[in-house]
Amino acid sequence: MRLVMEHLSKQFKNKIAVENIDTELREGVYGFLGANGAGKTTLMQMICGIIEPTAGEVKINGENNIQMGERFRDMLGYLPQEFGYTPGFTAKDFMLYIASIKGLPPRFAKRKTKELLKLVNLEKDADRKIRTFSGGMKRRLGIAQALLNDPKILILDEPTAGLDPKERAYFRNIIAEMSKDKIIIISTHIVSDIEYISDQVLIMKKGKFILQGSAEELLKEVKNEVWSCRVPNNQWSNFERTHCVANSHAMKEVIEARVISVSSPIEGAITVEPTLEDLYLKFFSDEIQEEGACI
Ligand SMILES: Nc1ncnc2c1ncn2[C@@H]1O[C@H](COP(=O)(O)OP(=O)(O)OP(=O)(O)O)[C@@H](O)[C@H]1O
């Protein structure tokens, strides 16, 4: 299967949310990584056919997604960022309700509901009302409903928002298990969610993909630019203001810091193995702070 974005753009009045994106996705897991407002949700909504592009198009095996209509919806599973749960429904009733909207046969829907609630670890909570669910449980239910029609294209917008570390790990395992025959797109600004499960990471900034590749390939972008160093206490405030500090740890007379910098930030600094988090900071620190930005 081929999902192609061709010159894809979306403009809202005078705001360009997505700008001229050209890329091709095949089966596998794709992580869209970007700061808030980068354009991830808008792009996902265009892929899902929920909003129309201002220019360009999305093609599935050569066919326009919107023109495909029902045939496209049959192969799509989507978890929006803000999902409207019906608080008075039980998890099971909610799944059956979504299944009926998707037009799935009742017997198939019943079997699939059972199977998916088990997959997302809500089997024991199937008959509990959603209003009694934690945020993480609701998110897992959201993932389950997106899988009801055995989608070939699965789009999850911020699927791990509100999940605790254990639930995040569980989520990563679920995705890894089903990635073989699907195109799975996950958007997030949480690097660790996609670092280990994405075949490709696409870094989105101001409506464009500025980098695309496997985590390994992308890490080359920050090779020899991540440093471990010790900064004397009396120099720290100036140092922190003028450098891109990934993290720091106060010791007795010095602050030990991890810094992203093209050249050695201070005498005695040594380069260390970069992580995707460092890469993210390199490209987005300018949106977090003006001074000390890495690019
Ligand atoms: N319906 C709309 N009308 C006007 N501007 C919009 C609309 N939807 C999105 N935008 C703007 O387009 C830009 C991209 O928004 P989008 O929600 O796609 O980003 P995002 O990367 O998903 O961020 P977040 O994670 O915060 O949702 C933002 O500046 C946003 O304010």
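Computed from a prediction, not measured in an experiment: that's the story for all the values here. (Residues numbered from 1 in each chain as written. Predicted model: local features only at pLDDT ≥ 70, side-chain atom pairs only at ≥ 80, totals over all residues. Heavy atoms only, no water.)

## Things to note about the confidence of the model for the protein chain
Confidence in the prediction for the protein chain averages 91 pLDDT; 97% of positions are at 70 or higher. With pTM at 0.89, the complex prediction returns an ipTM value of 0.96. (pLDDT = per-residue confidence, 0-100.)

## Concerning the UniProt feature "domain: ABC transporter" (unreviewed entry) in the protein chain
Listed under "domain: ABC transporter" (unreviewed entry) in the UniProt record, and renumbered for this structure, are residues 3-231. Between the C-alpha atoms that bound residues 3-231 the distance is 49 Å, and the span itself is 34% helix and 30% strand. (UniProt positions renumbered as here; feature names shortened; annotations may be inferred. Helix = DSSP H or I, 4+ residues; strand = E, 2+ residues; numbered from the N terminus.)

## Considerations on the nonpolar core
Ranked by size, the top nonpolar core spans 55 residues in total, and within it L141, I175 and I186 carry the most contacts. Contacts of I186, omitting those with residues within four sequence positions, involve V29, Y30, G31, F32, M44, L156, P159, F171, I175, I194 and I197. Counting residues in hydrophobic clusters, the runner-up holds 29 residues, among them Y30, V58, M68 and F209. (Core = buried A, V, L, I, M, F, W, Y, C linked by side-chain atoms within 4.5 Å. Buried < 20%, exposed > 50% of the residue type's maximum accessible area, 1.4 Å probe, protein only. Contact = heavy atoms within 4.5 Å.)

## Some thoughts on the sheet that holds strand β13 (residues 254-260)
Spatial strand order, β12-β13-β11-β14: four strands in an open sheet with antiparallel pairing. Sheet topology places β12 (244-250) and β14 (270-271) at the edges, where each strand pairs with a single neighbour. Pairing geometry for strand β11 (residues 226-232) and β14, over two bridges, is antiparallel. Looking across to β14, one finds that S228 is bridged to I270. Helix α10 (residues 233-242) contacts β11, β12 and β13 of the sheet and is inclined by roughly 135 degrees relative to β11. (Pairing = 2+ DSSP bridges. Axes fitted to C-alpha atoms, helices over the stretch in contact; angles between N-to-C directions.)

## Thoughts on the sheet that holds strand β8 (residues 183-188)
The six strands are arranged β6-β7-β8-β3-β9-β10 in an open sheet whose pairing can be described as mixed. Two strands lie at the open edges of the sheet, namely β6 (76-79) and β10 (208-213), each paired on one side alone. Strand after strand, the sheet turns through a mean of 15 degrees between neighbouring axes, direction not considered. Two strands pair when backbone bridges link them, and strand β3 (residues 28-33) and β8 are joined in this way by six bridges, in the parallel orientation. Opposite V29, over in β8, you have I184 as the bridge partner. Together, β6 and β7 (153-157) form the strand contacts of helix α6 (residues 135-146), whose direction differs from that of β6 by roughly 165 degrees.

## Some words on the pattern of salt bridges
For the coordinates displayed, the defined rule picks out 19 salt bridges. Across the salt bridge formed by R2 and E24, the nearest N and O atoms sit 3.5 Å from each other. Placement of R2 in the segment before β1 (3-12) and of E24 in strand β2 (residues 15-25) is noted, with a sequence separation of 22 residues between them. A residue is classified by how much of its surface remains accessible, and R2, at 31% relative accessible area, is partly exposed. D127 is paired through a salt bridge with K92; the nearest N and O atoms lie 3.6 Å apart. In this pair, D127 is assigned in the loop between α5 (106-119) and α6 and K92 in helix α4 (residues 91-101), connecting sequence segments 35 residues apart. Looking at D127, the relative accessible area reads 57%, which means it is exposed. You can call K92 partly exposed: its relative accessible area is 36%. Linked by salt bridges that have partners in common, R111, K112, E115 and D150 make up one network. (Salt bridge = Lys/Arg side-chain N within 4 Å of Asp/Glu carboxyl O.)

## Topic: the pairing of β1
Sheet topology places β1 next to strand β4 (residues 55-60); five bridges connect them, and they run antiparallel. Following the sheet pairing, L3 is matched in β4 by I60. The sheet contact formed by β1 and β2 spans seven bridges and is antiparallel. In the sheet register, V4 faces β2, and the bridge partner there is E24. Following β1, the chain reverses through two residues before pairing antiparallel with β2; K13 in that reversal takes a positive phi of roughly 45 degrees.

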